[in-house]
Amino acid sequence: MRLAHDHHDRGHERVQPAGGTAEGRHIPVEHGDAEHDDLDEKAFFANTAVDRIVPVQAEGSGLDVVVEDFHEWAVERGPFDGAEPDVPGITWVDELGPYIERKLFTVNTGHATTAWHGARTGHATIAEAISDPEVSAQVTAVLEETSSLLVAKHGFSEEEMTSYRTKVLGRFANASLPDPVERVGRSPLRKLSREDRIIGPAAELAERGLGHEALLNALSAALVFTPEGDEEVDRLQEILSSSDPDAATAEITGLEPSHPLYAEVRERIASPVYSRHSE
Ligand SMILES: NC(=O)c1ccc[n+]([C@@H]2O[C@H](COP(=O)([O-])OP(=O)(O)OC[C@H]3O[C@@H](n4cnc5c(N)ncnc54)[C@H](O)[C@@H]3O)[C@@H](O)[C@H]2O)c1
Ligand SMILES: O=P(O)(O)OC[C@@H](O)[C@@H](O)[C@H](O)[C@H](O)CO
């Protein structure tokens, strides 16, 4: 494994748990194999969250994977009943939920926002996009919104969220990571779904009467994200061109018409704010 160092980013690998999660304790056992019947007596299964940016790899590079040097691995301690193994790199947490949301609504919300605004302004990679003041202003604004939710909902302090955001923005700016906007913005229907990184926090902010304009801007940027070879991009464009705004809002976001966010999202879907980047 090769580390793509960002020299501005080194020296303080604060361990903060995060997403890229694996939940549940179900390894499929489909063969009626008696050997698996007592699996619970032989192993512990714990929910976990991983945070490390792994960009698209060069063709033919095999297991020689380029990654950032930052990494976090959070594991719920409950299943180990006080006998957690000493595994280097694990941060043991009592409850994974707040850390998963902090990671999803900061790293992944900010990442998708960078990718979609970056693509519409003609940038190829995340590092290039975040160096553009127009993109970085959108990303900063989006992360201030999600931080206000994380502070209100989970009790993270303003100071730790400010520091977490700074760290995340530094990771995006790592020019040694060749991370294309197509990878980070991929699968827009998944990313715009009800509980995911954009509509999830925007809905909760709207419910609490807190600001969410930059999240709506990220949604608008996603609607003009049209790289080739992504089935969800194609389906999203099909929905936008063939469905009325209410049907499109329901299918893309899963929001109920009675939700406080609904009217604003419907408006964004009905009336484009941005145009696609043209070569
Ligand atoms: N790349 C990152 O920075 C990163 C960081 C943390 C967590 N993650 C998580 O790790 C997972 C993989 O991410 P990635 O970036 O390597 O994605 P990727 O698209 O590069 O790789 C996914 C692979 O899974 C294969 N695949 C998809 N569906 C499958 C199926 N049903 N059965 C078998 N194989 C299947 C695909 O063909 C592809 O080779 C995702 O859940 C992602 O959220 C990624
Ligand atoms: O994997 P996705 O498509 O959900 O999101 C793209 C990236 O934001 C994601 O892969 C990050 O690089 C990763 O979550 C960092 O830990």
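On a predicted model such as this, the values are computed, not experimentally measured, just so you know.

Chemist: Residues and numbers for the site of ligand 2, please.
Modeler: All residues in the neighbourhood of ligand 2 are listed as Asp51, Arg52, Ile53, Lys103, Asn108, His111, Arg183, Val184, Arg186, Arg190, Lys191 and Arg197. Contacts to ligand 2 include Arg186, whose side-chain N or O atom sits 2.8 Å from an oxygen atom. Taking Lys191, its side chain carries an N or O atom lying 2.8 Å from an oxygen atom of ligand 2. Contact with the protein chains hides 87% of the accessible area of ligand 2, taken as 400 Å² for the molecule alone. Where the shell around ligand 2 is concerned, the elements lending two or more residues are helix H2 (97-120), helix H6 (181-184) and helix H7 (188-191). By residue number, the principal contributor to the shell around ligand 2 is H2, which donates 3 residues. Across the shell around ligand 2, the residue classes break down as 2 nonpolar, 2 polar and 8 charged. Both domains that meet at the shell around ligand 2, namely domain 1 (2-93) and domain 2 (97-270), each give it at least three residues.

Chemist: Can you explain the pairing of strand E6 (residues 90-93)? Please cite residues and give values.
Modeler: Of the two faces of E6, both are covered, the one formed by Ile90 and Trp92 as well as the one formed by Thr91 and Val93. Where strand E5 (residues 72-76) meets E6, 4 bridges bridge the pair, whose relative direction is parallel. Paired with Ala74 across the strands is Thr91, a residue of E6.

Chemist: Which residues make up the nonpolar core, and what values go with them?
Modeler: One finds Trp116, Leu192, Ile252, Leu261 and Val265 to be the most contacted residues of the largest nonpolar core, which totals 55 residues. In contact with Ile252, other than residues within four places in its own chain, are Leu189, Leu192, Ser193, Leu236, Ile239, Leu240 and Ile269.

Chemist: Which residues make up the site of ligand 1, and what values do they have?
Modeler: Taken together, 7 residues lie near ligand 1, and Arg52, Ile53, Val54, Arg183 and Arg186 sit nearest. Separating an oxygen atom of ligand 1 from a backbone N or O atom of Arg52 is a distance of 3.2 Å. In the model, an oxygen atom of ligand 1 is placed 2.7 Å from a nitrogen or oxygen of the Val54 main chain. In the complex, the protein chains occlude 26% of the 820 Å² of accessible area that ligand 1 would expose alone. Residues that form the shell around ligand 1 fall into these classes: 3 nonpolar, 1 polar and 3 charged.

Chemist: Explain the pattern of salt bridges to me, and be specific about the residues and the numbers.
Modeler: Counted according to the given criterion, the structure contains 15 salt bridges. When the shortest N-O distance is used, the salt bridge between Glu207 and Arg194 registers 4.0 Å. With a gap of 13 residues between them, Glu207 in helix H8 (residues 199-207) and Arg194 in the loop between H7 and H8 connect regions that are remote in the sequence. For Glu207, a relative accessible area of 47% puts it in the partly exposed group. Here the salt bridges share partners, and the residues they tie into one network are Asp51, Glu68 and Arg171.

Chemist: With reference to specific residues and values, describe the UniProt feature "domain: Mannitol dehydrogenase C-terminal" (unreviewed entry) in the protein.
Modeler: Under the present numbering, the feature "domain: Mannitol dehydrogenase C-terminal" (unreviewed entry) in UniProt falls on residues 96-236. A helix fraction of 70% and a strand fraction of 0% characterise residues 96-236, whose end C-alpha atoms lie 32 Å from each other.

Chemist: Explain helix H5 (residues 158-172) to me, and be specific about the residues and the numbers.
Modeler: Because the α-helix completes a turn every 3.6 residues, residues three or four places apart line up on one side. The end-to-end C-alpha distance of H5 is 21 Å, a good match for the 21 Å that 15 residues give at a rise of 1.5 Å each. Looking at the buried positions of H5, the neighbouring elements they touch are strand E3 (48-51), strand E4 (66-68), H2, helix H3 (126-130) and helix H4 (133-154).

Chemist: Go over the side chain of Arg268 with me, naming the residues and quoting the values.
Modeler: Along the polypeptide, Arg268 turns up in helix H12 (residues 262-270). At 3.1 Å, the side chain of Arg268 and the side chain of Glu213 are in polar contact. In this structure the side chain of Arg268 is engaged in a polar contact, spanning 3.0 Å, whose partner is the side chain of Asn217. If near-sequence neighbours (up to four positions away) are discounted, Arg268 is found in contact with Glu213, Leu216, Asn217, Leu219, Ser220, Leu223 and Val273.

Chemist: For the packing of aromatic side chains, give the residues involved together with the corresponding values.
Modeler: Throughout the structure, instances matching the rule amount to 3 aromatic pairs. Between Phe44 and Phe80, the aromatic rings sit 5.1 Å apart at their centres with planes inclined by 55°, giving tilted as the arrangement. Placement of Phe44 in the loop between helix H1 (39-42) and E3 and of Phe80 in the loop between E5 and E6 is noted, with a sequence separation of 36 residues between them. Of the residues examined, Phe80 reaches a relative accessible area of 12% and is grouped as buried. Centre to centre, the rings of Tyr99 and Phe156 are 5.9 Å apart; their planes meet at 70°, and the pair counts as edge-to-face. Of the two residues, Tyr99 is situated in helix H2 and Phe156 in the loop between H4 and H5; the sequence distance between them amounts to 57 residues. Here the aromatic residues Phe44, Phe80 and Trp92 are joined through ring pairs into a cluster of three or more.

Conventions we followed
Residues numbered from 1 in each chain as written. Chains lettered and ligands numbered in written order. Predicted model: local features only at pLDDT ≥ 70, side-chain atom pairs only at ≥ 80, totals over all residues. Heavy atoms only, no water. Near = heavy atom within 4 Å. Polar contact = N/O pair within 3.5 Å; in protein donor to acceptor, adjacent residues only side chain to side chain. Areas by Shrake-Rupley, 256 points an atom, 1.4 Å probe, with all protein chains shown as cover. Helix = DSSP H or I, 4+ residues; strand = E, 2+ residues; numbered from the N terminus. Nonpolar A, V, L, I, M, F, W, Y, C, P; charged D, E, K, R; others polar. Domains from an automatic or database assignment. Buried < 20%, exposed > 50% of the residue type's maximum accessible area, 1.4 Å probe, protein only. Pairing = 2+ DSSP bridges. Core = buried A, V, L, I, M, F, W, Y, C linked by side-chain atoms within 4.5 Å. Contact = heavy atoms within 4.5 Å. Salt bridge = Lys/Arg side-chain N within 4 Å of Asp/Glu carboxyl O. UniProt positions renumbered as here; feature names shortened; annotations may be inferred. Expected span 1.5 Å × (residues − 1). Phe/Tyr/Trp six-rings, centres within 6.5 Å; stacked < 30°, edge-to-face > 60°.

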